[in-house]
Amino acid sequence: MQKVLVVYGTRPEAIKMAPVVSELQRSTVVEPVVAVTGQHRAMLDQVNSLFGIEPRHDLDILTQRQRLEDITSRALDGVSQVIAAEKPAAVLVQGDTTTCFAAALAAFYGRVPLVHLEAGLRTGDPSNPFPEEINRRLTSHLASLHLAPTPTSCANLVAEGIARESIVITGNTVIDALHQVISQDLPPTDDNLARVLGASQPLVLVTAHRRESWGEPMANSARAIATLAARFPHLTFLLPAHLNPAVREILLPPLIGLRNVVITEPLCYSDFARAMDRSLVVLTDSGGVQEEAPSLGKPVIVMRETTERPEAVAAGTVELVGTDEHRIVRAVSRLLTDHDAYDEMARAVNPYGDGRAAARSVVAIESFLGTGSGPEEFVPASVAHTV
Ligand code: UD1
Ligand code: UDP
């Protein structure tokens, strides 16, 4: 069996890697060796425990208020040592975090071929999102096999001079993970969530964490949420707060103590999926949530200036509003008061995957390492059904 060293470090990478790890475990030609950097801790461990993954290596690099330089240097050094010890046939990284980029660089320095899952997402703006746009561009130029989630991400790679033969369109594994947890229908584990779900008030689900929004943009978002909570007292605004203290100290002060704003710790993935499924509207700056909520037929208002996920915007279920306070209030208010506008956006679309992305990814990796001829590529259906 050839070893594939699977490296990840944060919550979204863990969620998107989990289906691939379990598919690699079923392979008869390759075996996964999981190494986590621990760029996240509690938020990473939550996911590994839900999916039953026990990493063989844990670099445990997290420090409070860590700098990009800390993450990069500690992950580069740690992953290089794991590569030297395990001698894998390939290294697999996911997405655009600093763990992803540092592990990609470690693979390059160790002369081990790199496979990049969720390759080819681009905004075209080096500062948005920061530092992810540059992390993913650099990773693309270190990788030998590019697992692009959609035809658009494949085209982005080709436009940068990456050979089409080295790209496989797989769909996004987040949809596999989402299908898995929704079908398990696990009871809520968070007490606040259980209470909110037990009450009859409709939900607006809110998340925010992006580094480029720290400061005034995120403060604007917080004020917008407070205004919306006052304007719609019959709704509950559910905010699972990211653990980053830099985010909490900007986002939470205007919201703490408001009667219909419920702030929780980060929800485990099954709880969060349930919360999305029960929400009327999702207000977020998250990448993964922009992919998941449309497949559940939930309108998404994105508090960012740009997105690398244009497919759901084109399908009409995601609206990009930026971080202007009044624009956020206007966009959410419109959805909550105009039934036609709501129905127009509340359509389940699946431009990001069909739940078989992990299987395609593993067939592509096996073929890359010399066995088999590669998978049939993912072709998105336009609109799955209308709610
Ligand atoms: C990171 C990724 C971002 C991704 C996000 C997902 C980088 C540079 N950023 O951003 O691309 O969208 O994860 O959430 O790779 N913390 C904890 N415990 C945890 C997690 C975080 O205490 O389990 C706190 C620590 O104080 C840490 C801080 O949050 O220093 C920031 O974590 P970090 O991974 O640097 O940045 P994120 O904003 O989480
Ligand atoms: N998520 C979760 N619990 C939460 C908030 C989010 O499990 O309390 C999941 C969400 O469903 C998505 C992923 O975490 O799959 C997104 O993580 P995040 O927004 O931190 O990162 P991004 O996707 O923006 O990189």
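What you see is a predicted model, and the numbers here were worked out from it, not measured in a lab.

Attention shifts here to the pairing of strand S10 (residues 261-264). Across four bridges, the pairing between strand S9 (residues 236-240) and S10 is parallel. The residue bridging Leu 239 from the neighbouring strand is Ile 263, located in S10. Crossover S9 to S10 through helix H10 (residues 245-251) is right-handed.

Here we come to the site of ligand 2. Looking at ligand 2, there are 15 residues lining it, with Arg 11, Leu 267, Ser 286, Gly 288 and Glu 292 nearest. Separating an oxygen atom of ligand 2 from a side-chain N or O atom of Arg 210 is a distance of 3.0 Å. Here a nitrogen atom of ligand 2 and a backbone polar atom of Leu 267 are 2.7 Å apart. For ligand 2, whose accessible area on its own is 530 Å², the fraction buried by protein is 94%. Elements represented by at least two residues in the shell around ligand 2 include exactly helix H1 (11-26), helix H11 (269-278) and helix H12 (287-295). Looking at the shell around ligand 2 element by element, the count peaks at four residues for H12. Here the shell around ligand 2 is composed, by residue class, of eight nonpolar, four polar and three charged.

Now for the environment of Ile 167. Its location among the elements puts Ile 167 in strand S7 (residues 167-169). In this structure the C-alpha to C-alpha distance between Ile 167 and Gly 374, which are 207 residues apart in sequence, comes to 11 Å. Ignoring any residue separated from it by four or fewer positions in sequence, one finds Ile 167 in contact with His 146, Ala 148, Cys 154, Leu 157, Val 158, Ile 162 and Glu 377.

Our focus in this paragraph is the site of ligand 1. Inspection of the region around ligand 1 gives 25 residues, with His 40, Thr 63, Gln 64, Thr 98 and Glu 132 positioned closest. For ligand 1, an oxygen atom lies 2.4 Å from a polar atom in the side chain of Glu 132. Between ligand 1 and Arg 210, the relevant distance is 3.1 Å, taken from an oxygen atom to a side-chain nitrogen or oxygen of the residue. Taking 740 Å² as the accessible area of ligand 1 by itself, protein coverage stands at 95%. Class assignment of the residues belonging to the shell around ligand 1 gives a composition of nine nonpolar, eleven polar and five charged.

Another aspect to go through is the nonpolar core. One finds Val 6, Tyr 8 and Leu 92 to be the most contacted residues of the largest nonpolar core, which totals 56 residues. With seven residues, the single largest contributor to this core is H1. The next biggest cluster of nonpolar side chains, apart from the first, holds 34 residues, and it includes Phe 237, Met 303, Leu 335 and Tyr 342.

A separate point is helix H2 (residues 42-51). Turning to H2, its buried residues are Met 43, Leu 44, Val 47, Asn 48 and Phe 51. Angularly, the buried residues of H2 cover 135° about the axis, an arc narrow enough to put them on a single face. Packed against the buried residues of H2 are strand S1 (2-8), H1, strand S2 (30-36), helix H7 (173-184) and H11.

This brings us to the side chain of Glu 86. For Glu 86, the location among the structural elements is in helix H3 (residues 68-86). With sequence-adjacent residues up to four places away left out, Glu 86 is seen in contact with Lys 3, Val 33, Arg 56 and His 57.

Once that is clear, we can look at the sheet that holds strand S4 (residues 90-94). Within a sheet, each strand pairs with its neighbour through backbone hydrogen bonds, oriented either parallel or antiparallel. Read across the sheet, seven strands follow the order S3-S2-S1-S4-S5-S6-S7 without closing on themselves; strand pairing throughout is parallel. Where the open sheet ends on each side, the last strands, each with one partner, are strand S3 (57-58) and S7. One ladder, built from seven bridges, connects S1 with S2; its direction is parallel. Paired with Val 4 across the two strands is Pro 32, which belongs to S2. Set on the sheet, helix H4 (residues 98-109) makes contact with S1, S4 and strand S5 (114-117); between it and S4 the angle comes to about 165°. Sheet contacts for helix H5 (residues 132-140): S4, S5 and strand S6 (145-148); angle to S5, the most-contacted strand, approximately 140°.

A few words on the packing of H11 against H12. Running from N to C, H11 and H12 cross one another at 50°; their axes reach a closest spacing of 10 Å. The orientation of H11 relative to H12 falls into the category oblique. Note on packing geometry: the crossing formed by H11 with H12 is right-handed. Mapping the contact onto sequence places Tyr 269, Phe 272 and Met 276 in H11 and Val 289, Glu 292 and Ala 293 in H12. Along the lines of polarity and charge, the residues of the contact of H11 with H12 split into five nonpolar, no polar and one charged.

Cut-offs used in this document
Residues numbered from 1 in each chain as written. Chains lettered and ligands numbered in written order. Predicted model: local features only at pLDDT ≥ 70, side-chain atom pairs only at ≥ 80, totals over all residues. Heavy atoms only, no water. Pairing = 2+ DSSP bridges. Helix = DSSP H or I, 4+ residues; strand = E, 2+ residues; numbered from the N terminus. Right-handed = clockwise from strand over helix to strand, strands pointing away. Near = heavy atom within 4 Å. Polar contact = N/O pair within 3.5 Å; in protein donor to acceptor, adjacent residues only side chain to side chain. Areas by Shrake-Rupley, 256 points an atom, 1.4 Å probe, with all protein chains shown as cover. Nonpolar A, V, L, I, M, F, W, Y, C, P; charged D, E, K, R; others polar. Contact = heavy atoms within 4.5 Å. Core = buried A, V, L, I, M, F, W, Y, C linked by side-chain atoms within 4.5 Å. Buried < 20%, exposed > 50% of the residue type's maximum accessible area, 1.4 Å probe, protein only. Arc of directions from axis to C-beta. Axes fitted to C-alpha atoms, helices over the stretch in contact; angles between N-to-C directions. Parallel < 35°, antiparallel > 145°, perpendicular 65-115°, else oblique. Left-handed = near helix turned anticlockwise from the far one by under 90°.

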